[in-house]
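Here is how the chains run, residue by residue.
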Amino acid sequence: MFGGSILVRCPRSSFQLQRSTRNSRHQRRLKNSQSHLGIICDQRHYSQKSMEPEQDKELGKELAQVVPDLSEEAEGSEGWRFWKWRWIPTSNKILRNAEKALLDTTKLDVKQEMVQIAENEYINTITVGSGPPLVLMHGFGSGVGLWLCNLEELSRDFTVIAVDLPGFARSTRIPYNGKTPEQADDYFIDRFEKWRQIQELDDFTLLGHSFGGYVSAAYAIKYPDHLSHLILADPWGIPSVPQKDAKKPPLVYRTINSIATQWTPLAVIRAAGPYGGGLVTRFRGDLTNKYKELIPEGNHVLEYVYHCNAGEPTGEQAFLGTCHSLAYAAKPIVDRDLTPIKKSKMKVTLLYGDRTWMSRVAGIQLKNILGDMANYYTIPGSGHHIYADNWRFFNRIVKAAASGNLDEFSEESQKEEDGHKLTFP
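Residues numbered from 1 in each chain as written. Predicted model: local features only at pLDDT ≥ 70, side-chain atom pairs only at ≥ 80, totals over all residues. Heavy atoms only, no water.

1. With respect to the overall build of the chain
Argument step 1. When its secondary structure is counted, the chain shows 18 helices and 13 strands.
Argument step 2. The 425 residues of the chain split such that 54% are buried. (Helix = DSSP H or I, 4+ residues; strand = E, 2+ residues; numbered from the N terminus. Buried < 20%, exposed > 50% of the residue type's maximum accessible area, 1.4 Å probe, protein only.)

In structure tokens, the structure reads:
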């Protein structure tokens with residue numbers, strides 16, 4: 001299974017799909033496809049064997065997903081009953097409902113739409129509030145729903161627009177076939193630029209967290225003229241790759257990293273099938289505590305995270321294309337030519353948690369490279385997920401940064417910075 005493929009064949013003689021539906025034509029399509037359906041699930045791709053989508057375009061589109069939506073009736077509360085013959089109990093509708101369950105807790109008038117950027121390519125987008133545009137870009141393995149703690153406060157002063165990165169969450173799982181780090185970058189930033197053009201956004205603030213911070217910085221380098229402010233929230237991909245003679249990380253880390261770079265990072269969740277949700281609960285149960293003030297009951301956050309990452313891992317594959325290793329980017333931001341940003345009108349704000357495992361030294365290095373156009377601040381009482389760990393402070397400083405009024409934070413954040421030893425994670 002590791003490093004190879006899992007092939008599940010369903011011979012006509014043994015493959016009997018029983019499903020009641022009002023759509024008899026769809027029933028016939030399902031029956032006719034039984035002898036052709038083979039699912040390959042591995043670290044690089046999911047595909048349907050012997051299926052020709054052009055013969056049945058509608059069904060082909062549905063089957064093009066790792067866990068397809070064969071019909072609206074097949075999803076939702078009946079998802080697991082319908083998908084019991086599949087290994088991964090998820091669907092697009094289940095993910096849509098999980099996202100809606102989170103956003104409904106805000107009691108805000110959130111507009112959700114699938115913005116078409118090309119044929120059969122969509123970017124999931126939510127919008128709330130009014131005022132200058134503030135675009136939020138989530139991190140690896142996340143989605144728009146995890147900005148739950150920030151939407152209400154930020155939308156009082158801004159039109160908050162959050163997007164799912166291409167290949168993640170509800171955005172189209174566009175196949176990634178790139179070979180270079182530059183192509184991996186372009187997989188994300190060129191599609192985001194198409195989205196920006198369609199949205200007719202200009203002179204806006206772009207905030208990216210973790211891997212979304214890396215994508216935001218890469219976007220700012222390539223398309224600097226459209227941004228008024230770049231906010232990097234505990235970003236990944238900033239520091240230089242350590243020299244070969246640097247101290248090696250522990251053997252356990254090197255072993256995990258070696259396996260993970262040969263397999264998509266979250267493949268274990270999908271390989272676990274119906275037990276994948278339990279793995280998310282076991283290893284990311286801390287997320288529940290981060291949101292317990294807003295969601296005191298239920299397990300909506302963990303369910304949402306699971307379904308965000310149970311689908312075809314095209315975004316993960318593109319992410320791996322940007323990596324030197326899971327900890328470092330192949331093209332670190334501090335090593336790039338930052339002239340386009342320096343010559344632009346934008347301001348840059350770097351935000352790090354005081355307990356983050358990201359390199360705050362690299363953040364300060366980037367600030368020094370950019371000079372007076374950049375600011376660096378520490379979010380107290382926060383780890384890597386600064387938007388949720390101390391969301392009240394985070395919201396306040398983001399509003400101040402996007403408004404161009406950070407004076408009240410200067411002395412306070414300097415004391416925070418002086419009170420911590422800045423070291424590599």
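Next comes the rest of the description.
2. A closer look at the pattern of salt bridges
Side chains that carry opposite charge are capable of pairing whenever their charged atoms lie near each other.
Argument step 1. In total, this model carries 16 salt bridges according to the counting rule given.
Argument step 2. With a shortest N-O distance of 3.5 Å, Glu-152 and Arg-156 are connected by a salt bridge.
Argument step 3. On the basis of relative accessibility, which here comes to 41%, the residue Glu-152 falls in the partly exposed class.
Argument step 4. Exposure remark for Arg-156: the relative accessible area of 53% places this residue in the exposed category.
Argument step 5. The shortest N-O distance in the salt bridge between Lys-290 and Asp-389 comes to 2.4 Å. One end of the pair, Lys-290, is in helix α11 (residues 286–290); the other, Asp-389, is in helix α16 (residues 386–389), and 99 residues separate them in sequence.
Argument step 6. On the basis of relative accessible area, Lys-290 is assigned to the buried category, the value being 19%.
Argument step 7. With a relative accessible area of 25%, Asp-389 lands in the partly exposed category.
Argument step 8. Residues participating in the shared-partner salt-bridge network are Glu-152, Glu-153, Arg-156, Asp-157 and Lys-399. (Salt bridge = Lys/Arg side-chain N within 4 Å of Asp/Glu carboxyl O.)

3. A look at the packing of aromatic side chains
Argument step 1. In total, this model carries 16 aromatic pairs according to the counting rule given.
Argument step 2. Between Tyr-187 and Phe-188, the aromatic rings sit 4.9 Å apart at their centres with planes inclined by 80°, giving edge-to-face as the arrangement. An identical accessibility class is assigned to Tyr-187 and Phe-188; each is buried.
Argument step 3. Centre to centre, the rings of Tyr-219 and Tyr-223 are 5.2 Å apart; their planes meet at 35°, and the pair counts as tilted.
Argument step 4. Site record: aromatic cluster; members linked through ring pairs are Phe-140, Phe-168, Tyr-176, Tyr-187, Phe-188, Phe-211, Tyr-214, Trp-236 and Phe-319.
Argument step 5. Looking at Arg-191, its charged tip hangs above the ring of Tyr-187, at a distance of 4.7 Å from the centre. (Phe/Tyr/Trp six-rings, centres within 6.5 Å; stacked < 30°, edge-to-face > 60°. Lys NZ or Arg CZ within 6 Å of the ring centre and 35° of its normal.)

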